[in-house]
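So the chains spell out like this:
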Amino acid sequence: MNGTEETLVRGMLHRATADLSPGELTPDRLVAVGERAVRRRRRRTVGSAAVTVLALLGVTVLLGVGPAGSPADRVGPPTASPTPGWPTEAPTSFAPERRVLRLGWQPDGLTDEGFSGRRSGQEIYLASGTGPAARQVVVKVGARGNEDLLNLLLGQRESSRESGQAIGVPTDPVRGHDAWMYTSPSGYDVSLSWQYAPDGWVVVSARDAERPAEVARRVAEELRWESTPVTVPLAPIPAPPGAQLRGVSVDFRSGRWNGVHLNYAAGATDDDGFSVAVRRDRLGRRGTATTEAGRSAWVVNLSDHSIGVYQVGELSAACSPCYAEAVVSSPGGLAVLGGRAAALRFAASVRLVDDPDDRKGWRPL
Amino acid sequence: MHATQRQEYVEFVTAVTPKLRRTAYLLTGGDAHRADDVVQQTLTHLYVKWGRARGADDLGAYVHRMLVNAFRQERRSRWFGVQLFDRAPEPVPRGAPPGPGDGVADAVSLRAALAAVPPGQRLVLVLRFYADLSVEQTAEVLHCSTGNVKSQTARGLAALRRELPLGETTGVTR
């Protein structure tokens, strides 16, 4: 790296922070928060000593003394009777071509939207704005024993113990199920979590400058379990033999469809395979220009790793900036597709429905 | 905390908070709320440990290590951080003619390019070229060798070049 490049990078990083608004982290606030942390630490030390003494006396069990519960402490069955429409047993996996949750209520004005699903869990995403005005709602549902969700609960608990910061605390039940609320230090982000069935978790996160906890609570209370087919603005894609659909995501920006992503596995794990996506974006950000079936195309081949990106433009007159993209992420994926030329042909075979902006004409997977 | 120590702490955080916020802003991909959470977590932790921390040989590197730890912890612990499936990245505005609001668009494009750099390499780039830490300080903050910092820097720059040729927004031809 030469001095000129270093100067360019430094300048670039400084410009990248140019739009950061003044924050609210004043020294007074930091001292106040620091004092609270010190007091919590002292209380915890005293509390731990008291619990130890009681344990030594054998009284703890009789009195039921213990630390406050957190999701990680309660992996036992939910406490309430089953909610109508909701399963009494969490599925061991989800079918990617069906979504299981529907929002009964959502805050006004969230124009960006997304759904993603794979076998271990599904996510619904709503957002609007950027920077300080950003608002967001994310609903995640895990299959039974979803490792991502459980690990995160445990990680949250351990890291919070270490830092002495309050974590998810017991809050009002959700439809009769014990629930926990996590609030970020800034107060803008909250996460409300509960078990919809033994070992199956739902987490509703909200970011809102005014009332994130109320938003999360209402979304959670009006959430419905309804299995419906996932539809996409694509004509059916015949998967190559040996490939299995493992995940799907669809997203909208400013109320308009923006992209679809289908993930296929070619081996034992979800990472061994390839994906196909259609995006409303400009073709050819990187790689080498070429053509496929008379259409403009763009290819990135990483020869050492059998991975590559194969983009084909001119997808549809109804969506001029749209392109299709196949991404091969493993040798197994490349083998199932039949090699690099076949991967490019596969991308070129993807077709949009006649009017991709009309959701009524979308097709199930 | 004694009044003298508190005054030292106030003076220190008054001086470092703006730079730490901007560093966290780059690390979080331009999320101001997350950046403030990370910085508040860092400086709260520093307050609790100020009695010992104020005597550190290199207080700047010490605080950056805390910031990196807080950032990593925040990524682990946040529900928002769990991506069940890759979401399509935000389209990057590129090649558009100059116009009103270009400063913001430029900053957004630059952060998007930086966000596309793998996290470990991004961390090294930000610490070295924004926080102005030396190779040795960066290695200490990240608990790794100086050789690792150098190789991560080279890879990070290569990744950044792929996303955004370094002359593209500056008018400088490489």
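Residues numbered from 1 in each chain as written. Chains lettered and ligands numbered in written order. Predicted model: local features only at pLDDT ≥ 70, side-chain atom pairs only at ≥ 80, totals over all residues.

Trainee: Teacher, can you tell me more about the overall build of chain B here?
Mentor: The secondary structure content of chain B amounts to 8 helices and 0 strands. Counting helices and strands in the order they occur from the N terminus, chain B gives α-α-α-α-α-α-α-α. Counting across all 174 residues of chain B, residues that qualify as buried make up 47%. (Helix = DSSP H or I, 4+ residues; strand = E, 2+ residues; numbered from the N terminus. Buried ≥ 20, exposed ≤ 12 C-beta atoms within 10 Å, placed from the backbone.)

Trainee: How do you make sense of the environment of Gly85(A) when you look at a structure like this?
Mentor: All names here are of chain A. Looking at the secondary structure, you find Gly-85 in the loop between α3 (60-63) and β1 (98-103). With 140 residues separating them in the primary sequence, Gly-85 and Trp-225 have C-alpha atoms 6.0 Å apart. Sequence-distant contacts of Gly-85, defined by excluding residues within four places in its chain, comprise Arg-224 and Trp-225. (Contact = placed C-beta atoms within 7 Å.)

Trainee: Can you walk me through the nonpolar core in this structure?
Mentor: The tendency in soluble globular proteins is for nonpolar side chains to be buried as a group. Judged by nonpolar contacts, the single largest core of 51 residues is most densely connected at Leu13(A), Ala24(B), Leu26(B), Leu67(B) and Val126(B). Looking at this core, the elements with two or more residues in it are α1 (3-16) of chain A together with α1 (3-27), α2 (32-48), α4 (59-77), α5 (102-115), α6 (119-129), α7 (135-142) and α8 (146-163) of chain B. A total of 8 residues in this core trace back to one element, the largest contributor, which is α1(B). When sequence neighbours within four positions are dropped, the list of residues in contact with Leu26(B) reads Leu13(A), Ala16(A), Thr17(A), Leu114(B), Val126(B) and Tyr130(B). One finds Val250(A), Tyr310(A), Val312(A) and Ala348(A) within the second-largest nonpolar core, a separate group that totals 36 residues. (Core = buried A, V, L, I, M, F, W, Y, C linked by C-beta atoms within 7 Å.)

Trainee: Just to check I follow, could you spell out α2(B) for this structure?
Mentor: If you check α2(B), its first and last C-alpha atoms are 24 Å apart, about what 17 residues at 1.5 Å a residue would give, namely 24 Å. Within α2(B), 16 of the 17 residues are buried, which leaves the element mostly enclosed by the surrounding structure. (Expected span 1.5 Å × (residues − 1).)

Trainee: For this particular structure, what's the right way to read the packing of α6(B) against α8(B)?
Mentor: In helix packing, the relevant descriptors are the interaxial angle and the interaxial distance, both defined with respect to the helix axes. Residues and elements named next belong to chain B. One can describe the packing of α6 onto α8 by two numbers: an axis separation of 8 Å at closest approach and a directional angle of 100°. Comparing the axis directions of α6 and α8 gives the class roughly perpendicular. In this structure, α6 contributes Gly-120, Gln-121, Arg-122, Val-124, Leu-125 and Arg-128 to the contact, and α8 contributes Val-149, Gln-152, Thr-153, Arg-155, Gly-156, Ala-159 and Leu-160. (Axes fitted to C-alpha atoms, helices over the stretch in contact; angles between N-to-C directions. Parallel < 35°, antiparallel > 145°, perpendicular 65-115°, else oblique.)

Trainee: Would you explain the pairing of strand β11 (residues 244-253) of chain A in this entry?
Mentor: Residues in a regular strand point their side chains to alternate faces of the sheet. All names here are of chain A. Inspection of the sheet shows strand β2 (residues 112-118) paired to β11 by 6 bridges, in the antiparallel sense. Note that in β11 the partner of Arg-118 across the bridge is Gly-247. Here β11 pairs with strand β12 (residues 256-265) via 9 bridges, running antiparallel. Bridge pairing in β12 places Val-248 opposite Leu-262. The turn joining β11 and β12, which pair antiparallel and follow one another in sequence, is formed by 2 residues; a positive phi near 50° is taken by Ser-254. (Pairing = 2+ DSSP bridges.)

Trainee: I keep staring at the confidence of the model for chain B and nothing clicks. Help me out?
Mentor: Any segment with low pLDDT has predicted coordinates that should not be analysed in fine detail. Residue and element names in this part refer to chain B. Here chain B averages 75 in pLDDT, while 75% of its residues score no lower than 70. Mean pLDDT across the elements of chain B ranges from a minimum in α5, with 68, to a maximum in α1, with 90. For residues 79-105, every residue scores under 50 in pLDDT, and the model assigns this stretch 45 contacts once sequence neighbours within four places are set aside. pLDDT under 50 marks residues 167-174. Its contacts with residues more than four places away, or in other chains, come to 10 contacts. Overall fold confidence for the complex sits at a pTM of 0.63, while the interface term, ipTM, reaches 0.77. (pLDDT = per-residue confidence, 0-100.)

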